[in-house]
Amino acid sequence: MDEFIRVENLTKIYERGEVLALDDISFTVKRGEFLVLLGLSGSGKSTLLRCINRLIEPTAGTITFDGEDVTKASSRQLRHLRRRMAMIFQQFNLVRRSSVLTNTISGRLGYMNPAASAIHKFTKQDIDDAIACLERVGIPEQAYKRADELSGGQQQRVGIARALMQKPDLLMADEPVSALDPATSHSIMQYLELMNQEDGVTVLTSLHFLSLARRYGTRILALKDGKIVFEGTPAEIDAAKFKEIYGEEAQEVEVR
Amino acid sequence: MEQNYHAGFISSRPNWRKGFRAYGKDLTVLAADIFVLLALWGLCSFIWNHFALGTRDFLSLPWWIVVVVCVELACIWSSFGTSPGLRLLRRRLINEEGKRGLLLRRFLRVATLHLQPFLALEVLVTAKYTPRHDRITGFRVLSEMELQEARGPWYRSSSSLSIVLLGLAMFLVSALFTQVDLVKLFTNAGATAEIWDRIFHPDWSILGLGVRLLIVTLYMAFMATLFGVLLAVPLSFLAARNLARGVVGRSIYTVLRVILSIIRSIEPIIWAIIFVVWVRTGAAAFAGMLALLVHSIADLTKLYSERLESIDPGPVEAIRATGAGRLQVILYGIVPQIVNPYLSFTIYRWDINVRMATIIGLVGGGGIGQRLIQLTRNWVWDQAIVLMLLIMVAVWVMDYSSSRLRERLN
Amino acid sequence: MKSARRHSPWVRLAELRPRIFAFLLDWASWGYIAYAIMYLLNKYWYVRHVNFYGRLTLPSWGWPLVILVTLELALLTHAFGQTIGLSLFGLRLLGPDLRRIPMRQRLHRYLGLHVKLLLQPIALFIDRPLGTLLHDGKQTGTMRLFAKVKDDMPLERPRNWWLTYRGLFTTALLGMTFWLGWKITAVNLGMLVERIGKSGHIWRDLFTPQFTYLTANVIDGRTFSIAHYMMETIFMAFFATITGAIVAFPLSFLGARNIMGFSAVGWLIYTVMRFVFNIFRSIESILMAVMFAVWVGFGNPFAGALALFLHTIAALGKLYSEQVESVDPGPLEAIAATGAKRWQVVAYGVIPQIIPSYLAFTLYRWDINIRMATVIALVGGGGIGTLLFYFKNEVGRLENAWNLVGSVIVAIVVVVWLLDYISARVREKIG
């Protein structure tokens, strides 16, 4: 297991609100890790994730992904890098009017011929792969339904299927289970765990609940006001560290 | 420094504009008050002049007196109560607690408000705005939300009363200006008795010609809508604020928006006047189509681009994150969200174009309107009513089917 | 399928309504294609000259042939494919197990229809499942409402819209209409370009407006300036909008189904009201202004105001009553439960919910009325159009006529744009 992602002195300032979202953050991620980001809302978790694939431009700092510099990549290099990084979102971010199958296949857009993809002409291989991914997440029978006809948990599974289509080396999840109930949350996190253990995908996810982080994560990174306040294994978080991360009035909530 | 948010939305303004905005707000309050007072004065003096002197005059006094009085009254109003300008920008004037001599301080504020124009220089130079009139007199202007006071009944606030008064005065003046004369309406009906008689005995011989003219009219509307859509769809992507990147993109956006607004303000009938002169005589339908086309492009682009600006950025972000190229992001992330609304707007525009096409003949734009105006000018009302009925039926059918289609699209 | 019970013929007819309409629509679309073909035939192959408006000439056996052929085609497509009419009315041809029917059985269906065609009205009177006709059956399938059976249907890969029958048909229709439209409106861009020389001076003059008559009188003794007419236009539109909104407010309740639909008299009033709204909405204000100009005097802004007034009542009445119909019934229930009378429920339950949209619609209407008011002078309605058309008519006589027209257009643009902006901002704040 070698160093896969290196973040150095990452800073992000939103000038409009004069908000310091990320303050000189540095850390590394090893290949195959399941890294969980913890922290209150507004502590910079989403911003950090989006800086790694440059959906948000960092104000300062460097990010190295598998030896390549993300922050300085040209737009073409960036697209090639993004192909290897998959992302799933809190609000699922599916195209609601399109079918589940189209949503899944769109994970492969970075690899498809632009002209063919423009007219929705997918190769049989791609379609079979998409159905296989949907089978892996357990919803192959929904393939032709409109995406907004599915429940929340099913939609997030489509998001995971879309990520699977990319055959990524890195999976980033921006609060993937915050909009779901506890039982569904576990099933989603189990899919992420499966990807991490069976496919060897490095997972970088932000979560709200410490119990989920303890259950699934191999390493935890906690942010507060844009700074790292804790970096270590889940076992190392005790009551004192917990209050440090979440503030004095915080109490732990169990998600069974 | 260019800041990129998700999905490429443009952000950030340079810092020095903050001073301008603060100054602009104070100025807007004053300007709004002065405007309301001037309008009230103008309307009331018009009413007075109309009834007392029988003349049409908006200012009973020399204009400079009126302006000075209004400016002074505006300063006094905003210092002593909640003027319309303050209410418009949702601000209130509060004083530091415990300070006495309140009345004197308010007058002092009125006096120092006169410094406002000179503060503009200061803002330009230092990019910071200090509301001197408030600082010196110990007042602060807070937004309504910070104050959280209970609003009294509306008839107790001077700003609401003044707005109501303004509305009533405007209504009265509009009735006078429009020369509303109900007496004339009911006594003059005799002059039109002949017309009514002809209208109730329609001459159906013109029906065949009318139907053919109606067909031309409908095709005119169709072609205008079709070409309008073809041109408006690409333009809408250029005219959407959230898709415009870089200096080039932003300037294209601004220029396009301005030009399209101007074109949209000119009704198709006026465009038809221009085009009728431009094309050869006999190509009236073509001229009418062009007039509708020009207006359709402007209107459709506005509707389309407004819809583009309110798309859900989430899916767009997700597609970007998979490494797709820009065209793919548009086709997979943006287009599925906008197809139905675009179709709905197109049908809406088609409906309007049919209505416009029926009347664009009045200026020589071909179709059924041209024949109709000829008939009314020659007082052949029995045939004119047949054409009007045809128009009515056609518009009705179009309206009904278009509203049903748009229902289904949602 | 619904079990066959005793239903009255009217109920059966109502169930069959979507099918009948879908069929009529498809028949009409084939008729339209036939019309287009005949028009083009007339234009290109017949020796006899066709006048500009497409008078069709056919031999005496032509018309019955057309009707028969189109009918057959409509029946054919109904049996063999998913037509536009069927899609619009949400129908699908499905077998008893909700799958598609194989070709042979479709052929049986098509032939069976011809055999049973004249016997169809009996289907209204005999015991059959609701919504079926004589040629429906287990083998030949039935037309079903797609929305009702969607969830029970087995999933299938949806085909590309461009390759389905209705996709191709729609494209063909559009293409044909485009071709016909091109011919009928005589599109000729070349003519535009070559006439730029002759009419270029118009554009040049329009872009160099002369504001001589901004406040000065054109004909002394009579106020004839741009400023005066602009104010007349604005006030005319304002007056028409406000009075129209005031009158439309109570009328909208008379035109709302959920308030009127409780008695026979109520239904009658509702129907009449809606009908009246539709009539006056279908006639543009400018056409009504023709009449009013004769009534109260040509060039009198009162004529324009009256025309706008009537049209506004109808347009706002329809918009308002749609709002009333889509009001949230919860608060109404609550208020009625306290023992309030009908009008109190309306006053305290309905009205507070609809005020924001009423205001928004009124502003929207004011915007439209201003635009109409700028041109209503064409037929004698008063307003800034008077000056516009006056200057336009002076084109031969006056040297700078088009410059003056340009100045009027600039004034119109400024005012319309400004008011449009203001109304958009206020509407944002409201809703």
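Residues numbered from 1 in each chain as written. Chains lettered and ligands numbered in written order. Predicted model: local features only at pLDDT ≥ 70, side-chain atom pairs only at ≥ 80, totals over all residues.

## Looking at the overall build of chain C
Then comes step 1: Of the regular secondary structure elements, chain C holds 17 helices and two strands.
Then comes step 2: Against the 2.2 N^0.38 benchmark of 22 Å for 431 residues, chain C shows a C-alpha radius of gyration of 30 Å, more extended than a compact globule.
Then comes step 3: Principal axes of the C-alpha set define a box for chain C whose edges measure 85 × 80 × 45 Å.
Then comes step 4: Within chain C, the proportion of its 431 residues that are buried is 32%.
Then comes step 5: Long-range pairs, those at least 24 residues apart, make up 73% of the contacts in chain C with a sequence separation of at least 6. (Helix = DSSP H or I, 4+ residues; strand = E, 2+ residues; numbered from the N terminus. Rg over C-alpha atoms; globule rule 2.2 N^0.38 Å. Buried ≥ 20, exposed ≤ 12 C-beta atoms within 10 Å, placed from the backbone. Contact = placed C-beta atoms within 7 Å.)

## Focus: the overall build of chain A
Then comes step 1: Secondary structure assignment for chain A yields nine helices and ten strands.
Then comes step 2: Computed over the C-alpha atoms, the radius of gyration of chain A is 18 Å, within 12% of the 18 Å expected from 2.2 N^0.38 for a compact globule of 256 residues.
Then comes step 3: C-alpha atoms of chain A, sized along the principal axes, occupy 55 × 45 × 40 Å.
Then comes step 4: Per-residue burial for chain A yields a buried fraction of 45% across its 256 residues.
Then comes step 5: Across chain A, contacts joining residues at least 24 apart in sequence account for 69% of those joining residues at least 6 apart.

## Let's talk about helix α2 (residues 62-80) of chain C
Residue and element names in this part refer to chain C.
Then comes step 1: End to end, α2 covers 27 Å across 19 residues, agreeing with the expected 27 Å (1.5 Å per residue, within 8%).
Then comes step 2: Buried within α2 we find Thr70, Ala74, Thr77, His78 and Ala79.
Then comes step 3: Packing partners of the buried residues in α2 comprise α1 (9-44) and α4 (103-116). (Expected span 1.5 Å × (residues − 1).)

## Examining the interface of chain B and chain C
Then comes step 1: Each partner contributes to the interface: chain B provides 52 residues, whereas chain C provides 52 residues.
Then comes step 2: Listing elements by their share of the side of chain B that touches chain C, those giving two or more residues are α8 (158-177), α9 (182-187), α11 (207-238), α12 (246-265), α13 (268-278), α14 (284-309), α16 (326-360) and α18 (381-409) of chain B.
Then comes step 3: A per-element tally of the side of chain B that touches chain C places α11 of chain B first, with nine residues.

## Examining the sheet that holds strand β3 (residues 34-38) of chain A
Residues and elements named next belong to chain A.
Then comes step 1: Within the open sheet, the six strands sit side by side as β6-β7-β8-β3-β9-β10. Their pairing is mixed. The open sheet has two edge strands with one neighbour each: β6 (85-88) and β10 (227-232). Taking each pair of neighbouring strands and ignoring which way they run, the sheet shows an average axis angle of 15°.
Then comes step 2: As paired strands, β6 and strand β7 (residues 170-174) are joined by four bridges and run parallel to one another. Note on β7: the bridge partner recorded for Ala86 is Leu171. (Pairing = 2+ DSSP bridges. Axes fitted to C-alpha atoms, helices over the stretch in contact; angles between N-to-C directions.)

## Here we look at the sheet that holds strand β1 (residues 3-14) of chain A
Either a parallel or an antiparallel arrangement is found when strands of a sheet pair, and the pairing is made through backbone hydrogen bonds.
Residue and element names in this part refer to chain A.
Then comes step 1: The antiparallel open sheet is built from four strands, whose spatial order is β2-β1-β4-β5. Among the strands making up the open sheet, the edge pair consists of β2 (19-30) and β5 (68-69).
Then comes step 2: The pairing of β1 with strand β4 (residues 60-65) spans five bridges and is classified as antiparallel. Bridge assignment links Val7 to a residue of β4, and that residue is Ile63.

## Comments concerning the pairing of strand β1 (residues 91-94) of chain C
Residue and element names in this part refer to chain C.
Then comes step 1: A one-sided burial pattern is seen for β1, the buried positions being Leu91 and Leu93 and the unburied ones Arg92 and Leu94.
Then comes step 2: Of the pairings in the sheet, the one linking β1 to strand β2 (residues 142-145) comprises four bridges and is antiparallel in character. Pairing of Arg92 across the sheet is with Arg144, part of β2.

## Comments concerning the environment of Phe51 of chain B
Residue and element names in this part refer to chain B.
Then comes step 1: Within the fold, Phe51 resides in helix α1 (residues 17-53).
Then comes step 2: We classify Phe51 as exposed; it has 10 C-beta atoms within 10 Å.
Then comes step 3: For the pair Phe51 and Met220, spaced 169 residues apart in sequence, the C-alpha to C-alpha distance is 50 Å.

## Concerning the packing of α11 of chain B against α16 of chain B
Residues and elements named next belong to chain B.
Then comes step 1: Contact geometry for α11 and α16: axes closest at 9 Å, N-to-C directions at 140°. With respect to each other, α11 and α16 are oriented oblique. Considering the relative orientation of α11 and α16, their crossing is right-handed. Of the residues in α16, those in contact with Thr217, Leu218, Met220, Ala221, Ala224, Thr225, Gly228 and Val229 of α11 are Thr346, Arg349, Trp350, Asn353, Val354, Ala357 and Thr358.
Then comes step 2: Class assignment for the residues of the contact of α11 with α16 results in eight nonpolar, six polar and one charged. (Parallel < 35°, antiparallel > 145°, perpendicular 65-115°, else oblique. Left-handed = near helix turned anticlockwise from the far one by under 90°. Nonpolar A, V, L, I, M, F, W, Y, C, P; charged D, E, K, R; others polar.)

## Examining the domain arrangement of chain C
Then comes step 1: If you check the domain split of chain C, you get domain 1 (9-179) and domain 2 (226-430).
Then comes step 2: Each of domain 1 of chain C and domain 2 of chain C was reduced to a C-alpha centroid, and the two centroids are 41 Å apart. (Domains from an automatic or database assignment.)

## Describing the interface of chain B and chain A
Then comes step 1: Opposite the 26 residues of chain B that make contact, chain A presents 28 residues.
Then comes step 2: At the level of elements, α15 (313-321) and α16 of chain B are the ones that each hand at least two residues to the side of chain B that touches chain A.
Then comes step 3: For the side of chain B that touches chain A, the residue count by class is eleven nonpolar, twelve polar and three charged.

## Some thoughts on the packing of helix α13 (residues 301-325) of chain C against helix α15 (residues 342-375) of chain C
Residues and elements named next belong to chain C.
Then comes step 1: Packing of α13 against α15 leaves a shortest axis separation of 10 Å and a crossing angle of 150°. One element, α13, and the other, α15, form an angle in the roughly antiparallel class. Here α13 runs over α15; the crossing is right-handed. On the side of α13, the interface is formed by Gly304, Leu308, Thr312, Ala315, Leu316, Leu319, Tyr320, Gln323 and Val324, while α15 contributes Val350, Ile354, Ser357, Tyr358, Phe361, Thr362, Arg365, Asn369, Met372 and Ala373.
Then comes step 2: Of the residues assigned to the contact of α13 with α15, the class counts are twelve nonpolar, six polar and one charged.

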